[in-house]
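Listed below, chain by chain, are the residues.
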Amino acid sequence: MHRLINQVRPYPWGAKTAIPRLLGVEPDGRPQAELWLGAHYGAPSTVVTPEGPASFDDVIAAAPKEALGERTVERFGERLPFLLKVLAAEEPLSLQVHPDAARARAGFEAEEAAGIPVGAAHRNYRDPFHKPELVLALEPFEALCGFRDPAAARADLDGLSCELAEVLRADLGVPDVHTALRGALTRLLTLGEDGRAEQVAEFVAEWKRLGSGAHHDTLVELAERYPGDPGAVAALLLNRVSLRPGEALFLPAGNVHAYLRGVAVEVMASSDNVLRAGLTGKHVDSAELLAVVDFSVLPIPFTGPVQTAGRAEFRPGIPDFALSTAGPGPIGTRLEGGAPSVVLALEGSADLVAESGEVLVLSRGESVFLPACCGRVSVRGHGHLVVATVGD
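All of these numbers come straight from a predicted model, not from anything done at the bench.

1. Some remarks on the nonpolar core
Ranked by internal contacts, the top residues of the largest apolar core, which has 47 residues, are Phe 147, Leu 185, Phe 203 and Leu 289. A domain split of this core shows at least three residues from each of domain 1 (2–145 + 241–303) and domain 2 (149–236). Excluding its chain neighbours within four sequence positions, the residues that come into contact with Leu 185 are Phe 147, Ala 234, Leu 237, Leu 289, Leu 290, Val 293 and Phe 295. Ranked by size, the runner-up nonpolar core spans 39 residues in total, among them Ala 18, Phe 56, Leu 68 and Val 265.

2. Considering the packing of helix 7 (residues 163–172) against helix 8 (residues 177–189)
Running from amino to carboxyl end, helix 7 crosses helix 8 at an angle of 155°, the nearest separation of the two axes being 7 Å. With respect to each other, helix 7 and helix 8 are oriented roughly antiparallel. Along its contact with helix 7, which presents Leu 164, Val 167, Leu 168, Asp 171 and Leu 172, the element helix 8 presents Ala 180, Leu 181, Gly 183, Ala 184, Arg 187 and Leu 188. Residue composition of the contact of helix 7 with helix 8, grouped by class: eight nonpolar, one polar and two charged.

3. With respect to the UniProt feature "active site" (unreviewed entry) in the protein chain
Following the UniProt record, one finds the feature "active site" (unreviewed entry) at Arg 276. With respect to the helices and strands, the residue Arg 276 is situated in strand 13 (residues 275–278). Contacts of Arg 276, omitting those with residues within four sequence positions, involve Ser 94, Leu 95, Gln 96, Lys 282, His 283, Val 284, Asp 285 and Leu 289.

4. Examining the side chain of His 216
With respect to the helices, strands and loops of the structure, His 216 is situated in helix 10 (residues 216–225). Among the residues examined, His 216 registers a relative accessible area of 18% and is labelled buried. Here the side chain of His 216 touches Asp 217 through a polar contact of 3.1 Å, side chain to side chain. Each residue touching His 216, except ones within four places of it in the same chain, is listed here: Trp 207, Lys 208 and Gly 211.

5. Quick word on the pairing of strand 20 (residues 377–389)
Here strand 16 (residues 322–335) runs beside strand 20; their pairing, made up of 12 bridges, is antiparallel. By the bridge assignment for strand 20, Ala 322 is matched with Thr 389. Note that strand 17 (residues 341–354) and strand 20 share 13 bridges and pair antiparallel. By the bridge assignment for strand 20, Ser 349 is matched with His 382.

6. Topic: the pattern of salt bridges
Counting across every chain of the model gives 23 salt bridges. For the salt bridge of Arg 21 with Glu 139, the shortest nitrogen-to-oxygen distance reads 3.4 Å. Within this pair, whereas Arg 21 is found in helix 1 (residues 18–23), its partner Glu 139 is found in the loop between strand 8 (133–137) and strand 9 (141–147), the two being separated by 118 residues in sequence. Where Glu 34 meets Lys 85, a salt bridge forms, and the shortest distance between an N and an O atom there is 3.2 Å. With Glu 34 in strand 3 (residues 34–37) and Lys 85 in strand 6 (residues 82–89), the pair connects residues that are 51 residues apart, well separated along the chain. Here Glu 34 matches Lys 85 in class, with each residue buried. Residues joined in a network through salt bridges with shared partners are Glu 91, Glu 221, Arg 225 and Arg 261.

7. Quick notes on the environment of Leu 136
With respect to the secondary-structure elements, Leu 136 resides in strand 8. Residue Leu 136 is classed as buried on the basis of its relative accessible area, which comes to 4%. When the C-alpha positions of Leu 136 and Val 241 are compared, they lie 13 Å apart, and in sequence the two are 105 residues distant. Apart from residues lying up to four places away in sequence, Leu 136 is in contact with Gly 246, Glu 247, Ala 248, Ala 264, Val 265, Phe 314, Leu 323 and Thr 325.

8. Considering the UniProt feature "domain: Phosphomannose isomerase type I catalytic" (unreviewed entry) in the protein chain
The positions UniProt marks with the feature "domain: Phosphomannose isomerase type I catalytic" (unreviewed entry) are residues 1–148. With 26% helix and 28% strand, residues 1–148 has its two end C-alpha atoms placed 45 Å apart.

9. Remarks on the domain arrangement of the protein chain
Each assigned domain of the protein chain is listed with its residue range as follows: domain 1 (2–145 + 241–303), domain 2 (149–236) and domain 3 (318–389). Spacing between the C-alpha centres of domain 1 and domain 3 amounts to 21 Å. Counting residues at the interface gives 32 residues for domain 1 and 29 residues for domain 3. Between domain 1 and domain 3, roughly 2,600 Å² of surface is buried when both sides are summed, and carbon and sulfur atoms account for 72% of that area. A per-residue breakdown of the area domain 1 buries against domain 3 is headed by Arg 3, Leu 22 and Phe 82, which together make up 23% of the total. Where domain 1 meets domain 3, there are one salt bridge. For the interface between domain 1 and domain 3, the tally reads 10 residue pairs in polar contact (both at pLDDT 80 or more). For the side of domain 1 that touches domain 3, the secondary structure elements donating two or more residues are strand 1 (2–5), helix 1, helix 3 (64–68), helix 4 (70–76), strand 6, strand 8 and strand 12 (257–269). With four residues, the single largest contributor to the side of domain 1 that touches domain 3 is strand 12.

Rules of the game
Residue positions are counted from 1 within each chain, in the order its sequence is given. Thresholds applied to this predicted model are a pLDDT of at least 70 for local features of residues and 80 or more for the giving and counting of side-chain atom pairs; totals over whole chains, interfaces and linings are not thresholded and use all residues. Calculated side-chain values reflect all of the structure's heavy atoms, with hydrogen atoms and water omitted. Remark: nonpolar core denotes a set of buried residues (Ala, Val, Leu, Ile, Met, Phe, Trp, Tyr, Cys) joined through side-chain atoms within 4.5 Å. Here's how the labels work: a residue is buried when its accessible area is under 20% of the maximum for its type, exposed when over 50%, partly exposed in between, all with a 1.4 Å probe on protein chains only. These domain limits were set by an automatic method or by a database of domain assignments. What makes two residues a contact is simply this: any of their non-hydrogen atoms within 4.5 Å. Inter-axis angles, ranging from 0 to 180 degrees, are taken between N-to-C directions of lines fitted to C-alpha atoms, where helices are fitted over the stretch in contact. Counting from the N terminus, the helices are DSSP H or I runs at least four residues long and the strands are E runs at least two residues long. Roughly parallel means an angle under 35 degrees; roughly antiparallel means over 145; roughly perpendicular covers 65 to 115; every other angle is labelled oblique. Under this grouping Gly is polar, as are all residues other than the nonpolar Ala, Val, Leu, Ile, Met, Phe, Trp, Tyr, Cys and Pro and the charged Asp, Glu, Lys and Arg. UniProt positions are given in the numbering used here, feature names are shortened, and annotations may be inferred rather than shown by experiment. Think of a polar contact as two N or O atoms within 3.5 Å of one another; within protein, one of them needs to be a possible hydrogen donor and the other a possible acceptor, and neighboring residues in sequence only count if both atoms come from side chains. Criterion used throughout: strands pair if DSSP finds at least two bridges between them. For this analysis, a salt bridge means a side-chain nitrogen from Lys or Arg found within 4 Å of a carboxyl oxygen belonging to Asp or Glu. Each of two parts loses accessible area, computed with a 1.4 Å probe, when they are put together; buried area is these two losses added.

This is how it looks when you write it as structure tokens:
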């Protein structure tokens, strides 16, 4: 069992106090958006070993079967297939979508062949992996995700007469829902640069006066933060979701989404492939995004846990990851071993006891890597833990 030292990403949308409070450090006044726990090249954790601190990816490379287990290496190669994060959003994140595995691989290989540097601002695919993700609210958490019925979005436009509202109403009136949603989103993301800001501003001004429904304030807020950005209007096409603490969403490939505010735990396939539709100053490739989006109307992708062995387990059927929680309250559970796990204490403390007899005490804000070779680990204490591991 090895303690972890993790990196914080100071993205502009981050909250200033939530992650420092978890870690027990003083805020420095800067946004602290994400705490990364894993071996992703973008911000690998440091593993505290008997030989001294080492980068997580180097620890895996030195002994992949001991760290990951033979089955994980067979399935994913010599890499940790998941990344655990704590996300603290004070402002909305970009409107985005993630590719499936085939698209990610093809896109990565094409950009490699074209000689585009991995760190280039206009690069779409920074690795050849998909990025499904699960988000578990720790506090009230607000998001947009997935398409709602185009008839509902069209009804919210009733009474608006500006040019953009008229053409969107026509797009959304097409009987086939896939065609309707594709037409509306394509229109918004391909508005000509000449006059785009004016069209969006005219729509937003009229929306403030006449728009209706649960999306009213969200659209206004996004438009004020990103003036002239059609991504704000695209929010009208998506489900507006409020998560209570303990509720979770699973976001598969192709699901358009934007996290708006709140604190949550995220677990995802270890990838940095993000295609953005707007609400950002970063690169937007509308054509590539539209090729990846799933235009299906589906229920809001809530995912519930299964209670097992003293934990609540979230297993959305993705092989790369699973997430479980123990607590809040008394903790008594067992981690079976044979696969890599990362454990984070959100509250309180717990004793982790390995089959070898090794004992590690984990307190609030601390985390540990359990390599596959350490076997079964018993966990006892009082608090709140999250555990990320490989999925089914």
